[in-house]
Amino acid sequence: MTLDVEKIRRDFPILSKLVYGKPLVYLDNAATSQKPRQVIQALVDYYEGYNANVHRGVHALSMESTERYEEARRKVAGFIGAPSPENLIFVRNTTEGINLAASSWGAANIGPGDEILVTEMEHHSNLVPWQRLAKAKGARMRFIPVTEEGTLDLSDLDTLLNHRTKLVAMTHMSNVLGAINPVKDIGAKAHAVGARILIDAAQSVPHMPVNVQDLDCDFLAFSSHKMLGPTGIGGLYVRSETLEKMEPFLTGGEMVLEVTYDYATWNDLPMRFEAGTPNIAGSIGLGAAVDYLESLGMEQVHRRERELTAYALDTLKELSEEFNFYGPTDLNARGAIVSFNSPDIHPHDLGTMLDQGGIAIRAGHHCAMPLIRDRLGVAATARASFYIYNTKDEVDLLKAALKDALRYFSKTLAPK
Ligand code: 7TS
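Below: a short report on this structure. (Residues numbered from 1 in each chain as written. Predicted model: local features only at pLDDT ≥ 70, side-chain atom pairs only at ≥ 80, totals over all residues. Heavy atoms only, no water.)

Section: the overall build of the protein
For the protein, the helix and strand inventory stands at 14 helices and 17 strands. Here the C-alpha radius of gyration of the protein, 22 Å, is about what a compact globule of 416 residues would show, namely 22 Å. Expressed as lengths along the three principal axes of its C-alpha atoms, the size of the protein is roughly 75 × 55 × 40 Å. Across the 416 residues of the protein, 57% fall into the buried class. For the protein, restricting intrachain contacts to residue pairs at least 6 apart in sequence, the fraction spanning at least 24 positions comes to 70%. Taken as a whole, the protein presents about 17,600 Å² of accessible surface, with 51% of it coming from carbon and sulfur. Averaging the positions of the 42 positive and the 52 negative side-chain charges in the protein gives two centres separated by 3 Å. (Helix = DSSP H or I, 4+ residues; strand = E, 2+ residues; numbered from the N terminus. Rg over C-alpha atoms; globule rule 2.2 N^0.38 Å. Buried < 20%, exposed > 50% of the residue type's maximum accessible area, 1.4 Å probe, protein only. Contact = heavy atoms within 4.5 Å. Areas by Shrake-Rupley, 256 points an atom, 1.4 Å probe, with all protein chains shown as cover. Lys, Arg positive; Asp, Glu negative; His and termini not counted. Charge placed at Lys NZ, Arg CZ, Asp CG, Glu CD.)

Thoughts on the pattern of salt bridges
Opposite charge on two side chains permits them to pair, given that their charged atoms come into close proximity. A complete count under the given rule lists 22 salt bridges for this structure. E67 is the salt-bridge partner of R74, the closest N and O atoms lying 2.9 Å from each other. What makes R74 partly exposed here is its relative accessible area of 43%. The salt bridge partner of R239 is D216, with a shortest N-O separation of 3.0 Å. Here D216 lies in the loop between helix 8 (212–215) and strand 9 (219–223) and R239 lies in the loop between strand 10 (234–238) and helix 9 (240–245), a separation of 23 residues in the sequence. Under the relative-accessibility criterion, R239 is labelled buried at 17%. Via salt bridges that share partners, E115, R140, R142 and R164 belong to a single interconnected network. (Salt bridge = Lys/Arg side-chain N within 4 Å of Asp/Glu carboxyl O.)

Remarks on the packing of aromatic side chains
In total, this model carries 11 aromatic pairs according to the counting rule given. Centre to centre, the rings of Y69 and F90 are 5.4 Å apart; their planes meet at 50°, and the pair counts as tilted. With Y69 in helix 3 (residues 60–79) and F90 in strand 4 (residues 88–91), this pair connects stretches of sequence that are 21 residues apart. Taken as a pair, Y69 and F90 share a single burial class, namely buried. Grouped by ring-pair contacts, the aromatic residues F12, Y292, Y387 and Y389 constitute a single cluster. (Phe/Tyr/Trp six-rings, centres within 6.5 Å; stacked < 30°, edge-to-face > 60°.)

Some thoughts on the environment of M170
Mapped onto the fold, M170 is located in strand 7 (residues 165–171). Sequence-wise, M170 and D200 are 30 residues apart; in three dimensions their C-alpha atoms are separated by 5.9 Å. Not counting residues up to four positions away in its chain, the partners in contact with M170 are T119, E122, N126, L152, N181, V183, I186, I197, L198, I199 and D200.

Side note on the side chain of D218
Examined against the element boundaries, D218 turns out to sit in the loop between helix 8 and strand 9. Here H191 takes part through its side chain, which lies 2.8 Å from a polar atom of the side chain of D218. Only 2.7 Å separates the side chain of D218 from the side chain of R239, close enough to count as a polar contact. Among all residues touching D218, those that are not within four sequence positions of it are H191, R196, I197, Y237, V238 and R239. (Polar contact = N/O pair within 3.5 Å; in protein donor to acceptor, adjacent residues only side chain to side chain.)

Quick notes on the site of the ligand
Within the structure, the ligand sits among 17 residues, and T95, D200, S223, R362 and R383 are positioned closest to it. The side chain of H123 places a nitrogen or oxygen atom 3.4 Å from a nitrogen atom of the ligand. Separating an oxygen atom of the ligand from a side-chain N or O atom of Q203 is a distance of 2.7 Å. Protein chains bury 89% of the 490 Å² of accessible surface belonging to the ligand in isolation. Grouping the constituent residues of the shell around the ligand by class yields 3 nonpolar, 10 polar and 4 charged. (Near = heavy atom within 4 Å. Nonpolar A, V, L, I, M, F, W, Y, C, P; charged D, E, K, R; others polar.)

Remarks on the pairing of strand 6 (residues 140–144)
Inspection of the sheet shows strand 5 (residues 115–119) paired to strand 6 by 5 bridges, in the parallel sense. Paired with T119 across the two strands is I144, which belongs to strand 6. (Pairing = 2+ DSSP bridges.)

In structure tokens, the structure reads:
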């Protein structure tokens, strides 16, 4: 079965929008995805029908919102293959999930002389929290290098990963290179030396089947807004044995069982990690996004995106003299993200020009400054990133717009 892209597109109201009088071509999905009517409706249904705080009211609305909030947790936990909904903490986004792990687990388990192993392709969200922790604790950061091709260079892994390593924190899919990393194999090696593995799944959970039990990871963080859901909500999966020993991240209401003027005891899992009123509507909206993705099937989503990536790489190859393209050539090792750069045009100028034609791409350092600057050796790149509703026609429009931009900026490409 292949996905019916035209039918999918009809579910996304924003895709019929005109930008500067041109049909929107939305190719900035790695930053945030668009939302289907079903997700938007779930938010409206909540606010119009049963808006109330969760876990505390005895009244009908509160009981309904609590039931729907916990139902969303069951759905999202199931989507990533968590053994129980208790393993899933609702957080604001991937960034907060990683910070929770760094503050609660990291602060208690990383000490002087310990090592935290990350890769050179991390988003700042999976770099800065560990840098800060390492500085505070006298621990050392180590880095798995990135090859010229944009994959991980694992040749020194046996040295980088050693008895001092306490944590491997790595991205499942790079938001710049599109590289999909062998997190399962590296996780097994991490466990063999007694280290834990945290997976930044911000770019993988939306685009391919991800199962935390199959990956055998200790932590996995992701964001709703990149997987058709609302902003302000995401998930952190934590393995039970680890979660049970973790101290709370934030403290206050909801996360306590009993409070006196002198002390407090902690609530059950996972509420212990959800201080204050949570993003109730957001969680329910994320549950609706999971329903939507499951109705398509994540294998189908991944297959369709691989097809589109293959088409994009093949189509854009024609411009390989004018643009450098980054990321692995092996389609099995990359997702639907294509970063590129021209020595003649600043990516921001390119992005602005494409925008005039209704084409939304991202230009910049993509919150991966060390990778862009120190590894790719550029100040910024342009990036097109695809999702289930993108089409080959849109890839063709991108190519045509890039050719126009080359003509406009460098006047070196003769019209074809
Ligand atoms: N990790 C990766 C791999 C990401 O791509 C992003 C966001 C994050 C973490 C942080 O996610 P957040 O939801 O907490 O912000 N990446 C991008 C991007 O590539 N363009 O804008 C946001």
